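Here's the letter readout for the chains.
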Amino acid sequence: MGREIASTDFSGEQFQHFGERLRANLRALELLLQRPDFGEGELTFGAELELYIVDSQGTPLHVNQEIIAALGDPQLTLELNRYNLEYNFSPCRLADDCFRNTEREALAAIDKINACAAQWNGSVVPVGILPTLQQSDIGYQAMTKLPRFEALTRELTQIRGGPFTINISGEDTLQLAMDDVTLEGANTSFQVHLRVPAREYAEFYNAAQLVTPLVVALAANSPTLFGHRLWQETRIPLFKQSIDCRPRDSMHPIPARVNFGNNWLRAGAFELFAEAAMLYRPIFAICDEEDPVAVVRSGGIPSLNELRLQQGSVWLWNRPVYDPAHGGHLRIEYRALPAGPSLKDMLANAALAIGLTKVMQERISDLLPAIPFNYCTANFYRAAQSGLEADLFWPSPTQVQPEYHRASALLEQLLPRVPEKLAAMGFREDDFQPLLEVIEERLAARKTGARWQLEKVAELRRDLHKREALIEMLTQYRANSAANLPVARWQ
């Protein structure tokens, strides 16, 4: 989706040709994955961080294109709304202090962006949903004016055949209808990329799906929208509903373009790519001239640009990525982690997600029969709604039947096994151990970013009106985040 396009109008013939190209891409990928050595190589870690740009009062500042033009940094890219930016970090080998290097790069990048934004009296803040966001900040006037975003809005709206409806209930209830998809831009995340060998992709991906609810419960950082107290991780339902383009009158709806998946993987990553290509109507019809099957048969690595473009318009919370670089390889993109509260918190969430995945991978095949996939999906939404208080359906090799367990109890049980698994993967102990201490501290204090936000606003409401309390809470949040202080230590 980050690929820029020159045209926003595509004919039926162009979409038909794009569909043919997609099928050719799938045939090529299937052949490529049959190579015994495909995707082998040292594991690498990478990440993307989405940021809000705000003014001195913490309200959205529409200057993302101006900042991009001023900095000219190829690792900095535009997002859907004019008050959002994304920074793409340099991939790093696990053994090269990948967490520490990413943190240093992030701090330098944020300093550079803030120095530039200062000319508009602005700065950036990592937070799942900006607490001070108002409904007037959403709409076509807030959208970054680029052809790919214009095409995205038009095509999804046309497929939908009517407004996008939002209905989220927590302590408060929010119901509204939007004529465009710009409410999707309210969500900002910290997306983690990990290279995964093709031969073990199915087991690793299934394990990631199983543990994602646990990580979401501990990472929650978006408890409000437009001042309404909703889910601990409101991004999860908001992202799905804000671009849910399934026709309202359809008797046989396909899965939403934002979803947790349709089933456990049976054989490998190909199943996920095939679903994205075959289930969902394309949004863009941009085709290359490459013959991908011929490239594979000649021993080369195809670009598969059509498949990658289609994959970028289907938002699985754990998404497979094909990359032709470095001899071609596969990655998993963990997309469920929110931005913020601090860089240390975000990297700690990443270490936890990867470590828990590896903990569960070794016995995932034995556990899957005990947890139907729809229960895992339910776990994901329960965790997003209730955070550490969520009760999750969990398989166990020592019990006749799975039982429900509190998310916090499951984390306490599994966390001691994470260090050995991270070390076995190639991460350095002195790189990941400080981050696991951040996780331990947060779990012991039961203090997520979401809980801190809600408790701080409740405290401030004793003396301030709601809007004033939200602004003051965000002021304190920004100070703590800028100091890179883990949220468990916030007052």
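Rules used throughout
Residues numbered from 1 in each chain as written. Predicted model: local features only at pLDDT ≥ 70, side-chain atom pairs only at ≥ 80, totals over all residues. Heavy atoms only, no water. Helix = DSSP H or I, 4+ residues; strand = E, 2+ residues; numbered from the N terminus. Rg over C-alpha atoms; globule rule 2.2 N^0.38 Å. Contact = heavy atoms within 4.5 Å. Phe/Tyr/Trp six-rings, centres within 6.5 Å; stacked < 30°, edge-to-face > 60°. Lys NZ or Arg CZ within 6 Å of the ring centre and 35° of its normal. Salt bridge = Lys/Arg side-chain N within 4 Å of Asp/Glu carboxyl O. Buried < 20%, exposed > 50% of the residue type's maximum accessible area, 1.4 Å probe, protein only. Axes fitted to C-alpha atoms, helices over the stretch in contact; angles between N-to-C directions. Parallel < 35°, antiparallel > 145°, perpendicular 65-115°, else oblique. Left-handed = near helix turned anticlockwise from the far one by under 90°. Nonpolar A, V, L, I, M, F, W, Y, C, P; charged D, E, K, R; others polar. Expected span 1.5 Å × (residues − 1). Polar contact = N/O pair within 3.5 Å; in protein donor to acceptor, adjacent residues only side chain to side chain. Core = buried A, V, L, I, M, F, W, Y, C linked by side-chain atoms within 4.5 Å.

(A) Expanded view of the overall build of the protein. Summing up its helical and strand segments, the protein has 17 helices and 16 strands in all. By the compact-globule yardstick of 23 Å for 491 residues, the protein fits well, its C-alpha radius of gyration being 22 Å. Its C-alpha atoms give the protein principal-axis dimensions of roughly 70 × 55 × 45 Å. Long-range pairs, those at least 24 residues apart, make up 76% of the contacts in the protein between residues at least 6 apart in sequence.

(B) View of the packing of aromatic side chains. This model, assessed by the stated rule, comprises 19 aromatic pairs. Members of the aromatic cluster, joined through ring pairs, are Phe239, Phe260, Trp264, Trp315, Trp317, Phe373, Phe380 and Tyr381. Across the ring face of Tyr140, the terminal group of Lys145 is positioned such that the distance to the ring centre comes to 4.8 Å.

(C) Examining the pattern of salt bridges more closely. One pass over the structure, following the stated rule, counts 29 salt bridges. For the salt bridge of Glu42 with Arg93, the shortest nitrogen-to-oxygen distance reads 2.8 Å. Pair noted here: Glu42 is in the loop between helix H1 (12-32) and strand S1 (44-54) and Arg93 is in strand S4 (residues 92-93), with a separation of 51 residues, a long-range link. Relative accessible area serves as the criterion here: at 34%, Arg93 is assigned to the partly exposed category. The partner of Arg229 in a salt bridge is Glu171, with the nearest N and O atoms 3.2 Å apart. Taken together, the positions of Arg229 in strand S10 (residues 228-229) and Glu171 in the loop between strand S6 (164-169) and strand S7 (173-178) put the pair 58 residues apart, joining distant regions of the chain. Judged by its relative accessible area of 36%, Arg229 falls in the partly exposed class. Taking the relative accessible area as the measure of exposure, Glu171 reaches 58% and is therefore exposed. Salt bridges sharing common partners tie together Glu40, Arg199, Glu200 and Lys358.

(D) Region of the structure containing the packing of helix H5 (residues 201-219) against helix H10 (residues 343-361). Two numbers describe how H5 lies on H10: the axes approach to 8 Å, and their chain directions differ by 135°. Classed by the angle they form, the pair H5 and H10 counts as oblique. The crossing of H5 and H10 is right-handed. Within the contact between the two elements, H5 uses Glu203, Phe204, Ala207, Ala208, Leu210, Val211, Leu214, Val215, Leu218 and Ala219 and H10 uses Asn349, Leu352, Ala353, Leu356, Thr357, Lys358, Met360 and Gln361. Grouping the amino acids of the contact of H5 with H10 by side-chain chemistry returns 13 nonpolar, three polar and two charged.

(E) Structural detail: helix H4 (residues 147-160). End to end, H4 covers 20 Å across 14 residues, agreeing with the expected 20 Å (1.5 Å per residue, within 8%). Residues of H4 that are buried include every one of Arg148, Phe149, Ala151, Leu152, Thr153, Glu155, Leu156, Ile159 and Arg160, and no others. On its buried side, H4 packs onto H1, strand S2 (76-78), S6 and strand S12 (315-316). Once H4 ends, the next one or two residues include Gly161, with phi positive near 75°.

(F) Structural context of the side chain of Arg319. In this fold, Arg319 is placed in strand S13 (residues 318-323). A polar atom in the side chain of Arg319 sits 3.2 Å from the backbone oxygen of Val314. If near-sequence neighbours (up to four positions away) are discounted, Arg319 is found in contact with Tyr201, Gln311, Gly312, Val314, Arg331, Ile332, Glu333 and Arg335.

(G) Summary view of the nonpolar core. Core analysis: the biggest nonpolar cluster contains 167 residues, and Tyr52, Phe99 and Phe427 have the highest contact counts within it. In terms of residue count, H5 provides more of this core than any other element does, 13 residues in total. What Phe427 contacts, discounting residues up to four positions off in sequence, is Leu94, Cys98, Phe99, Leu194, Ile354, Leu422 and Phe432.

(H) Expanded view of unusual backbone geometry. In this model, Gly340 is joined to Pro341 through a cis peptide bond whose omega is 0°. Structurally, the position occupied by Pro341 is in the loop between strand S14 (329-334) and H10. One non-glycine residue, His326, adopts positive backbone phi at about 55°. The topology assignment puts His326 in the loop between S13 and S14. Given the relative accessible area of 70%, His326 is considered exposed.

(I) Representation of the environment of Phe260. Tracing the sequence through the fold places Phe260 in the loop between strand S11 (258-259) and helix H7 (270-279). For Phe260, the residues in contact, after removing those within four places along its chain, are Gln209, Thr212, Trp317, Asn318, Phe373, Cys376, Thr377 and Phe380.

(J) Looking closely at the packing of H1 against H7. At a minimum axis distance of 10 Å, the contact between H1 and H7 shows a crossing angle of 175°. The pairing of H1 with H7 is recorded here as roughly antiparallel in orientation. Contacts from Leu22, Arg23, Leu26, Leu29 and Glu30 in H1 reach Phe270, Phe273, Ala274, Ala277 and Met278 in H7. A class-by-class count of the residues in the contact of H1 with H7 yields eight nonpolar, no polar and two charged.

(K) Structural context of the side chain of Thr357. Relative to the elements of secondary structure, Thr357 occurs in helix H10. Classification of Thr357 by relative accessible area gives buried; the value is 0%. Ignoring sequence-local partners within four residues, the contact set of Thr357 consists of Phe204, Ala207, Ala208, Val211 and Tyr334.

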